[in-house]
Amino acid sequence: MSTGLGFVHQWRNPLIAFRSSGNYSLPILPSGRGRGLIVVRPNCYKVKALKSLPNSDTVEAADDSYGRKEVISVNSRLYHYILDNVREPKILRQLREETSTMRGSQMQVSPDQAQLLAMLVQILGAEKCIEVGVYTGYSSLSVALVLPEGGQLVACERDAKSLEVAQRYYDSAGVSEKVIVKHGLAADTLKSMIQNGEGSSYDFAFVDADKKMYQDYFELLLQLVRVGGVIVMDNVLWHGRVADPLVNDSKTVSIRNFNTNLMEDDRVSISMVPIGDGMTICRKR
């Protein structure tokens, strides 16, 4: 195209390109089923472009300075393969299957995510952990199962019904003594822990809770986690909406702003990982 206008989306093979000129939207619908193009002026933030390759399960950055590096695009077939290669304990499978029948089951982390969280805890040699947003306990149980004797996980959740399920599985797995359940608003719990002198004493934290509170949770956890400790933030890709300039609902904007702030935060080293709905691993400096 030679119009020089903003955002291009080709429905079958997505191609994203940006240009700052133009102050209006122009829909273009050429002939051919399912191949509509929409050209709009982008919002004032940067989005790295990706283009899909014909007949391929990979994409590559449109910016040639990335060396035309191809990265995997996870489709349903490949994702099933990934899940088939997750070592999921029986108790976690049972919890996952029960949760799948419940309202809000999409909030549960995926088995591949939980496996990564457990491995991070083991690599760190973590003994004291925090989870903000427990739901029915899949991720917290994954962490508790790998904690050493005497290990501790503070599990913050405001929904009592979800906690009942989580507690039942903590009991079944024999890890109840490792999990300190905090029913209520997570921010209040974290502030109380700081006031009680628990600052810089935790090794690991995982956040999968209210997206509008991400920056607040992060700031509180930075006070609780030791230097060299890790904070993992879930849903940082937010179903891809963070990269779409047409999506500006409050949750998307909140996560997008959090990601931008994190890029400029020299208190932590970071790595955004495209697993599940996107996780950013932050190591406190």
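Residues numbered from 1 in each chain as written. Predicted model: local features only at pLDDT ≥ 70, side-chain atom pairs only at ≥ 80, totals over all residues. Heavy atoms only, no water.

When its secondary structure is counted, the protein shows eight helices and 13 strands. Scored against the burial criterion, the 285 residues of the protein give a buried share of 42%. A sequence separation of at least 24 residues applies to 62% of the contacts in the protein between residues at least 6 apart. Carbon and sulfur atoms make up 51% of the accessible area of the protein, which amounts to about 15,600 Å² in all. (Helix = DSSP H or I, 4+ residues; strand = E, 2+ residues; numbered from the N terminus. Buried < 20%, exposed > 50% of the residue type's maximum accessible area, 1.4 Å probe, protein only. Contact = heavy atoms within 4.5 Å. Areas by Shrake-Rupley, 256 points an atom, 1.4 Å probe, with all protein chains shown as cover.)

Looking now at the nonpolar core. Ranked by size, the top nonpolar core spans 32 residues in total, and within it Val121, Cys129, Leu141, Tyr170, Phe204, Phe206 and Val232 carry the most contacts. Element by element, the count of residues in this core is highest for helix H5 (residues 160-173), at five residues. If sequence neighbours within four positions are ignored, Val121 has contacts with Ala126, Cys129, Val143, Val146, Leu147 and Phe204. By size, the runner-up hydrophobic cluster in this structure holds 27 residues, among which are Ala186, Met193, Tyr214 and Leu224. (Core = buried A, V, L, I, M, F, W, Y, C linked by side-chain atoms within 4.5 Å.)

The next subject is the packing of aromatic side chains. Applying the stated rule across the entire model yields two aromatic pairs. Ring centres of Tyr214 and Phe258 lie 5.8 Å apart, and the angle between their planes is 80 degrees; on these two criteria the pair is classed as edge-to-face. Of the two residues, Tyr214 sits in helix H7 (residues 214-224) while Phe258 sits in helix H8 (residues 250-263), which places them 44 residues apart along the sequence. For Tyr214, a relative accessible area of 0% puts it in the buried group. Between Phe218 and Phe258, the aromatic rings sit 5.6 Å apart at their centres with planes inclined by 75 degrees, giving edge-to-face as the arrangement. (Phe/Tyr/Trp six-rings, centres within 6.5 Å; stacked < 30°, edge-to-face > 60°.)

In this sheet, strand S9 (residues 179-183) lies alongside strand S8 (residues 152-157) in parallel orientation, the contact comprising five bridges. Across the sheet, the residue bridging to Cys156 is Lys182, located in S9. (Pairing = 2+ DSSP bridges.)

Turning our attention to the sheet that holds strand S13 (residues 279-284). Two modes of strand pairing occur in sheets, parallel and antiparallel, and in both the strands are linked by backbone hydrogen bonds. Judged by pairing direction, the sheet is mixed, and its seven strands sit side by side in the order S9-S8-S7-S10-S11-S13-S12 without closing on themselves. Of all strands in the sheet, those with a lone pairing partner are S9 and strand S12 (268-273), marking the two edges. Going across the sheet, the axis of each strand differs from the next one's by a mean of 15 degrees, ignoring polarity. With six bridges connecting them, S12 and S13 associate as antiparallel partners. Along S13, the bridge assignment pairs Val268 with Lys284. With respect to the sheet, helix H4 (residues 138-146) is in contact with strand S7 (128-132), S8, S9 and strand S10 (202-207), its orientation differing from that of S7 by roughly 175 degrees. Relative to S9, H5 is tilted by about 170 degrees, and along the sheet it contacts S8 and S9. (Axes fitted to C-alpha atoms, helices over the stretch in contact; angles between N-to-C directions.)

Right, let's talk about the pattern of salt bridges for a bit. Evaluation of the coordinates by the stated rule reveals 10 salt bridges. Residues Asp208 and Lys211 are paired through a salt bridge, measuring 3.1 Å at the closest nitrogen-oxygen approach. Residue Asp208 is classed as buried on the basis of its relative accessible area, which comes to 16%. Of the residues examined, Lys211 reaches a relative accessible area of 8% and is grouped as buried. Asp265 is the partner of Arg267 in a salt bridge, and the nearest nitrogen-oxygen pair spans 2.7 Å. Of the residues examined, Asp265 reaches a relative accessible area of 12% and is grouped as buried. Each of Glu60, Asp64 and Arg68 takes part in one network of salt bridges that share partners. (Salt bridge = Lys/Arg side-chain N within 4 Å of Asp/Glu carboxyl O.)

This part covers the packing of helix H2 (residues 90-99) against H4. Geometrically, a packed helix pair is captured by the angle between its two axes and the distance between the axes. Contact geometry for H2 and H4: axes closest at 10 Å, N-to-C directions at 170 degrees. By the angle between their directions, the pair H2 and H4 is classed as roughly antiparallel. Contacts between H2 and H4 pair Ile91, Leu92, Leu95 and Arg96 from the former with Tyr138, Leu141, Ser142 and Leu145 from the latter. The class makeup of the residues in the contact of H2 with H4 is six nonpolar, one polar and one charged. (Parallel < 35°, antiparallel > 145°, perpendicular 65-115°, else oblique. Nonpolar A, V, L, I, M, F, W, Y, C, P; charged D, E, K, R; others polar.)

Time to look at the pairing of S13. Buried residues dominate S13, accounting for five of its six residues. Bridge count between strand S11 (residues 225-234) and S13: five bridges; the pairing is antiparallel. Paired with Asp234 across the bridge in S13 is Met279. The hairpin turn running from S12 into S13, its antiparallel successor, is five residues long, and Gly276 in that turn takes a positive phi close to 60 degrees.

Looking now at the confidence of the model for the protein. Confidence in the prediction for the protein averages 86 pLDDT; 80% of positions are at 70 or higher. Long-range and interchain partners of residues 1-47, a stretch whose pLDDT sits below 50, account for 87 contacts in this model, where long-range means more than four residues apart. (pLDDT = per-residue confidence, 0-100.)

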